Amino acid sequence: MKINEFLDQLEIPYKNIDLFIEAFTHPSFSNEKNGRKNYERLEFLGDAVLQYHVSNFIFDLYQDIPEGQLTTLRSKLVREESLARFARELKLGRFIYLGSGEEHNGGRDRNSVLADIFEAFIGAVCHDCGHDYVDKILKMTIYKHVEDIHYDDITDYKTTLQELIQADQRKTVTYQTISTEGPSNAPIFEVEVLMDNMILGKGKGSSKKRAEQKAAKDALKKLAR
């Protein structure tokens, strides 16, 4: 598949295909091709665009968490490891123009290269097509993982619930999956949290871990009433 076919598949109405070719050109390739433009300038732009869009999204999504936690969440979403993951989800590595040495050394699947490419791609989308299409790409990648990263890394409702229950009643809670819906590649799990067979809360999520965290959060809300 060529870059233009990929953009057509995503329904991104590009005007300047050369800009996207630039976004996928590694410096090693430009060095071999007598200075052909590489992705570094678009990477610079994409970094700023990502900071803005991700900040705006989590600002609206989490209206009750303080600035410090928002900053931590944003940093986890736009760090190298995360951006490389999102690049792999879009299979961006197949479009990278690499120098022969970088190709030989596995650059096409290196986190640092993929993260740079993702930023450059976002920069190209923003510059050529506008912010609405940036959001379209981010909905396919970053935005759908925000709550997973938030629940896993920032607010551990399961631990908070267990500590509360043990402090009050010296008991433990258990989690039970009660249903799984949706296609096999995008399931939605429903989980309930119990204490002595009494249901304390329920939650749904795209992973069992996320559903358990939501169930624990639901239980904490009910216990606080």
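Above this text you will find the structure in question.
Numbers given to residues run from 1 along each chain, matching the order in which its sequence is written. With pLDDT at 70 or above as the cut-off, local features in this predicted model cover only qualifying residues; side-chain atom pairs require 80 or more to be listed or tallied, and sums for whole chains, interfaces and linings still use all residues. Side-chain descriptors were evaluated using all non-hydrogen atoms of the structure, hydrogens and water having been removed beforehand.

Enquirer: Help me get a handle on unusual backbone geometry, residues and values and all.
Expert: Non-glycine residue glutamate 11 carries a positive phi angle of around 60°. The way it works is that DSSP assigns letters per residue, a run of H or I at least four long becomes a helix, a run of E at least two long becomes a strand, and they are numbered from the N terminus. Looking at the secondary structure, you find glutamate 11 in the loop between α1 (3-10) and α2 (17-23). Phi is positive for asparagine 197, which is not a glycine, with a value near 65°. Here asparagine 197 shows up in the loop between β2 (188-195) and β3 (198-205). What makes asparagine 197 exposed here is its relative accessible area of 76%. Type-normalised accessible area, obtained with a 1.4 Å probe on protein chains alone, sets the label of each residue: buried when under 20%, exposed when over 50%, and partly exposed for intermediate values.

Enquirer: Give a description of the state of the cysteines that names residues and reports values.
Expert: We call a pair of cysteine sulfur atoms a disulfide whenever their separation is within 2.5 Å. This structure, assessed with the given rule, holds zero disulfides. Unpaired in this structure, cysteine 126 has its nearest cysteine sulfur neighbour in cysteine 129, at a distance of 9.3 Å. You can call cysteine 129 buried: its relative accessible area is 16%.

Enquirer: I'd love a proper account of the packing of aromatic side chains, names of residues and values included.
Expert: Any two of the Phe, Tyr and Trp rings considered here, Trp counted by its six-membered ring, make a pair once their centres fall within 6.5 Å; the pair's planes then place it as stacked at under 30 degrees, edge-to-face at over 60, or tilted in between. A full pass over the atoms with the stated rule returns eight aromatic pairs. Judged by centre distance (5.8 Å) and plane angle (70°), the ring pair of phenylalanine 24 and phenylalanine 95 falls under edge-to-face. Of the two residues, phenylalanine 24 is situated in the loop between α2 and α3 (27-32) and phenylalanine 95 in the loop between α6 (80-90) and α7 (100-104); the sequence distance between them amounts to 71 residues. Each member of the pair, phenylalanine 24 as well as phenylalanine 95, carries the same accessibility label: buried. Ring geometry for phenylalanine 86 and phenylalanine 118: centres 6.0 Å apart, planes at 50°, overall tilted. Of this pair, phenylalanine 86 sits in helix α6 while phenylalanine 118 is found in helix α8 (residues 111-129), placing the two residues 32 residues apart along the sequence. Each member of the pair phenylalanine 86 and phenylalanine 118 is classed as buried. Through pairs of rings, three or more aromatic residues link up here, namely Phe6, Phe20, Phe24, Phe95 and Phe121.

Enquirer: So what about helix α12 (residues 208-223)? Which residues, and what values?
Expert: Residue count minus one, scaled by 1.5 Å, sets the expected span of a helix. For α12, with 16 residues, the first-to-last C-alpha span of 22 Å sits near the 22 Å given by 1.5 Å per residue. Of the residues making up α12, those classed as buried are Arg210, Ala211, Glu212, Gln213, Ala215, Ala216, Ala219 and Leu220.

Enquirer: Quick one: what's the story with the sheet that holds β2, residue by residue and with numbers?
Expert: Strands pair, by our definition, only if DSSP identifies at least two bridges between them. In space, the three strands of this open sheet follow the order β1-β2-β3, with antiparallel pairing throughout. This sheet does not close on itself; its edge strands, each paired only once, are β1 (174-181) and β3. Taken pair by pair, the neighbouring strands of this sheet meet at an average axis angle of 20°, ignoring direction. In the sheet, β2 pairs with β3 via seven bridges, with the strands oriented antiparallel. Directly across from leucine 194, in β3, lies its bridge partner isoleucine 199. In what follows, a contact means two residues having at least one pair of non-hydrogen atoms within 4.5 Å. Think of each axis as a best-fit line through the C-alpha atoms, taken over the contacting stretch in the case of a helix, with angles from 0 to 180 degrees between the N-to-C directions. In the packing of α12 onto the sheet, contacts are made with β1, β2 and β3, and the angle to β3 comes to roughly 135°.

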